[in-house]
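Report on the structure
Now for the letters of each chain:
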Amino acid sequence: MRTPTPRVVVLLAVAACSSPASKAPPEPNADAAVARVTAGLRAAIAVKGEPPASFSLAERMAHYKVPGVSIAVVDSGRIVWARGFGLKQAGTSDSVTATTIFQAASISKPVAATGLLRLVEEGKLSLDAPVNDYLKSWKLPENRFTATEKVTLRRIVSHSAGLTVHGFPGYAANDSVPTVPQLLDGAKPANTAAVRVDTFPGAISRYSGGGITIEQLAMSDATGEAFPALLKRLVLDPIGMSNSGYDQPLAAPRTAQAAAGHGPDGTMIEGRWHTYPELAAAGLWTTPTDLLKWAVEIAAARAGTSAKVLSQKMATEMLTAQKGAFGLGPALAGKERGFNFGHGGANEGYRAQVTYFPELGRGAAVMTNSDNGSALAQEILFAIAAEYTWVDFAPREIAPIALDSAALDALTGTYMIDKPEKITLSVTREGTKLFVEEPRYVPRTEVRLLEARKAIALESGMQFSFIADAKGKITGIDLPPMKLKRSSAAPASSAPRR
């Protein structure tokens, strides 16, 4: 999984490009639903008193510069349709289909956790023993934080072990790829820091891809099996995830089946994709259909109607909150009939999301081959939620305030930072509306004001604030984790765009 960067592109929901659609073999009565979903994409924010905005998939792919998208949907506990749209690689005629594989990025984590829990049930691992008991090829250094509280697999898989390193950028086609012990120590050729304990295990919930990589090593060390083969045996084959694998780099026979990753400007990543030795954290290649097979199986195990990989007791524990919003692998949300589990994913050039409502037997998975796919995936999921009546899953409704022309003009201008990379955000006005735009990363996006100096982007739901000095003059923008200073350059024109 790529380490989140402070790019406005990520925060304000960037990019995508449309192309012809292709279909998997049609399921009975699915075409009408597909047509309604692909014509009814919805932005993250709805404005109270205004008609809800609705978009077609083709126009939103073009808006976000996303070459290809794959979607699968579950209703009544079964996959009712799966479709591919657009292209595996921009500028070609190679269409995405339902069997095109994408990097799942962090969705790799809950699937890997399924294998971990199966090993626990087999007695080969324990969730609550110190993880160092199972590590042979490398040991997690002990320190004052581990003197009284131990790093355990339960804490690792639920992101509460006090471990560092949020995510990973992967390795480009010509890069040397480190071994797992090298990357855990931050030793060359690793491109991330050492994974260490820097707070008391169990004290806080903090996402750590580094911790999941320790989990990966513990599973292999305890069994003596290579991780890709281990997950194939424990999880992928029993569930029938026939288009999935943790092979990194991707084996030559499967490269023709894969969608290439693309940057925010729509251009292909050099070498088509990055390699991720952090297999459990970010290494899964898969399809939306296979991800939903996994979700349906976990829900069935929890209900006691299947035991292909986990017992009812273990599946129930997997979907029980441990600390924060995580169970033993999946992210959890909602209550009662609105309870859902899943995960998002963000690797270099790929964005994905899987969501499943076990009480409803409904869910969906969306995979894209673009850095700008997150906002598009969310809009697709809102359309699916409306079509299949998901509980408590809809755009957020806001009641924005109105400002006079002078107050709006005071907010317009150019805001920028130079580090860690140069970001230039322009705020312009058309009549009573404000828009933001970043030349490289952020398409022109309308924002509304929740308060006099607090704004929200309608497409992504990202909020930011205008910073003022003691005299009330606007001096910058606070866009966590960035603060953009107001440029001395003249404000962007507020003349209408045509």
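Right above here is the structure, for reference.
Described below are features of the structure shown in this document. Since the model is a prediction, treat every value here as computed from it, not as a measurement.

1. Some details on the overall build of the protein
For the protein, the helix and strand inventory stands at 14 helices and 19 strands. With the principal axes as the frame, the protein shows a C-alpha extent of 70 × 60 × 45 Å. The contacts of the protein with a sequence gap of at least 6 include a subset with a gap of at least 24, amounting to 65%. For the protein, the accessible area works out to roughly 19600 Å², and carbon and sulfur atoms hold 53% of it.

2. Observations concerning the pattern of salt bridges
Per the counting criterion, the structure on display carries 23 salt bridges. A salt bridge links R118 to E122; the shortest N-O distance between them is 3.6 Å. Residue class for E122 comes out partly exposed when judged on its relative accessible area of 35%. A salt bridge links K483 to D478, with the shortest nitrogen-to-oxygen separation between them at 3.2 Å. Owing to a relative accessible area of 53%, K483 belongs among the exposed residues under this scheme. With a relative accessible area of 24%, D478 lands in the partly exposed category.

3. Focus on the sheet that holds strand β19 (residues 482-486)
Read once around its circumference, the closed barrel built from 8 strands follows the order β12-β13-β14-β15-β16-β17-β18-β19, with strand pairing classed as antiparallel. Shown here is a sheet whose adjacent strand axes are inclined to one another by a mean of 30 degrees, direction ignored. Bridging between strand β13 (residues 423-430) and strand β14 (residues 433-438) involves 5 bridges; their strand directions are antiparallel. Residue pairing for β14: R429 is matched across the bridge by L434.

4. Here's the deal with the side chain of T368
Looking at where T368 falls in the secondary structure, it is placed in strand β10 (residues 362-368). When residues no more than four places from it in sequence are discounted, the contact partners of T368 are V66, G68, V69, F102, G349, Y350, R351 and G373.

5. Overview of the environment of P181
Here P181 shows up in helix α6 (residues 180-185). We classify P181 as partly exposed; its relative accessible area is 24%. For the pair P181 and V366, spaced 185 residues apart in sequence, the C-alpha to C-alpha distance is 33 Å. If we ignore the near neighbours within four places in the chain, the residues touching P181 are S137 and W138.

How each quantity is defined
Every residue gets a number counted from 1 within its own chain, in the order that chain's sequence is written. The model is predicted, so local features are restricted to residues of pLDDT at least 70 and side-chain atom pairs to those at 80 or more, both for listing and for counting; the totals for chains, interfaces and linings are taken over all residues. Computation of side-chain values: all heavy atoms of the structure, hydrogens and water removed. Under the scheme used here, helices are H or I runs from DSSP no shorter than 4 residues and strands are E runs no shorter than 2 residues, and both carry numbers assigned from the N terminus. Residues count as neighbours in contact if any of their non-hydrogen atoms are within 4.5 Å of one another. Residue burial considers only the protein chains on display, and all accessible areas are found by Shrake-Rupley using a 1.4 Å probe. For this analysis, a salt bridge means a side-chain nitrogen from Lys or Arg found within 4 Å of a carboxyl oxygen belonging to Asp or Glu. Exposure is judged per residue with a 1.4 Å probe applied to protein chains only, and the accessible area is read against the type maximum: over 50% gives exposed, under 20% gives buried, and values in between give partly exposed. The criterion for strand pairing is that DSSP finds at least two bridges linking the strands in question. Note on definitions: angles span 0 to 180 degrees between N-to-C directions of axes, and those axes are lines fitted to C-alpha atoms, for helices only across the stretch in contact.

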